[in-house]
Amino acid sequence: MTALVVRGGWEGHCPVETTDSFLPFLEKSGYETVVSDTLDIYLDTELMARTDLVLQCWTMGTITAQQLAALRAAVEGGTGFAGWHGGIADAFRSSTDYLHMVGGQFACHPRNFVDHTVEVVPERADHPIVAGISRVTLHTEQYWVLADSRNDVLATTTVPALPGDPWTEPVVSPAVWTRTWGAGRVFVCTVGHKQEDLDVPEIRTIIERGLTWASR
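Okay, so let's go over this structure. (Residues numbered from 1 in each chain as written. Predicted model: local features only at pLDDT ≥ 70, side-chain atom pairs only at ≥ 80, totals over all residues. Heavy atoms only, no water.)

If you tally the helices and strands in the protein, you get 8 helices and 11 strands. The C-alpha extent of the protein, read off along each of the three principal axes, is 55 × 35 × 30 Å. Out of the 216 residues in the protein, the part that is buried amounts to 56%. Contacts in the protein between residues far apart in sequence, at least 24 positions, make up 72% of those at least 6 positions apart. As presented, the protein carries roughly 9,200 Å² of accessible surface, and 54% of it is formed by carbon and sulfur atoms. If the 15 positive side-chain charges of the protein are averaged to one point and the 27 negative ones to another, these points end up 4 Å apart. (Helix = DSSP H or I, 4+ residues; strand = E, 2+ residues; numbered from the N terminus. Buried < 20%, exposed > 50% of the residue type's maximum accessible area, 1.4 Å probe, protein only. Contact = heavy atoms within 4.5 Å. Areas by Shrake-Rupley, 256 points an atom, 1.4 Å probe, with all protein chains shown as cover. Lys, Arg positive; Asp, Glu negative; His and termini not counted. Charge placed at Lys NZ, Arg CZ, Asp CG, Glu CD.)

We now examine the pairing of strand β9 (residues 152-159). Note that strand β6 (residues 113-120) and β9 share 2 bridges and pair antiparallel. Paired with Glu119 across the two strands is Thr156, which belongs to β9. Across 7 bridges, β9 lies against strand β10 (residues 171-181) in antiparallel orientation. Within β10, the residue paired with Asp152 across the bridge is Thr178. (Pairing = 2+ DSSP bridges.)

The next subject is the environment of Val159. Note on placement: Val159 falls in strand β9. Val159 sits 43 residues away from His116 along the chain, and the two C-alpha atoms are 8.2 Å apart. Residues in contact with Val159, not counting those within four places in the same chain, are Pro110, Arg111, Gln142, Trp144, Trp167, Pro170 and Val171.

Turning next to the nonpolar core. Counting residues in each nonpolar core, the largest one holds 33 residues, and the members touching the most others are Leu26, Leu53, Trp84, Phe187, Ile207 and Leu211. Of all the elements, helix α8 (residues 201-214) adds the most residues to this core, at 6 residues. Counting residues in each nonpolar core, the second largest holds 32 residues, with Ala91, Leu99, Met101 and Val102 among its members. (Core = buried A, V, L, I, M, F, W, Y, C linked by side-chain atoms within 4.5 Å.)

Moving on, we come to the environment of Ala82. Positionally, Ala82 belongs in strand β4 (residues 80-84). Sequence separation between Ala82 and Arg185 is 103 residues; the distance between their C-alpha atoms is 8.3 Å. Once residues lying within four places of it in the same chain are set aside, the contact partners of Ala82 are Leu53, Val54, Leu55, Gln56, Ile88, Phe187, Leu211 and Ala214.

Following this line, the structure appears as structure tokens:
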């Protein structure tokens, strides 16, 4: 099996440090890992054809039409696509075809770092990615995400409405979701602003399981 780790973009999300922390898990799980700091790797048709999983951590930035077409073709053909936080849900803001494939786009994180919870959707509690986990308590960015109904939402987070906010009711936002795209599987976890978030045991478990689930 082959896992391609593509990392770059905004350095504030520590793409090297955070992806490095998952390399031992991937290798222990039997993957040959290939690491790239350029999106041109998506143009390597031979590599993409044998890649079972793409782990992307590339916040913001831009992707060319050719790079995106190659990535989408790989996913549609069965390559898994996975990531966390801005590395997948806030990548390539101007590329609508990318957002279409991922199924959700970061909109904001009101009040920046806050105490909040991520709660597993009760009806999806038996899904292998979240089995045995009911809620996770965090102090970090709480992502408000724009998403669509094709997602299988496994966990949510609720953004409260406080005095002075322009919204008047709490907003429930997906925090962990999966999605199929052609023959491929997509996994997104919106938690992961910093390494400490990824070291929370429940979040680490969810992401490791999500990587495995998404893989071809």
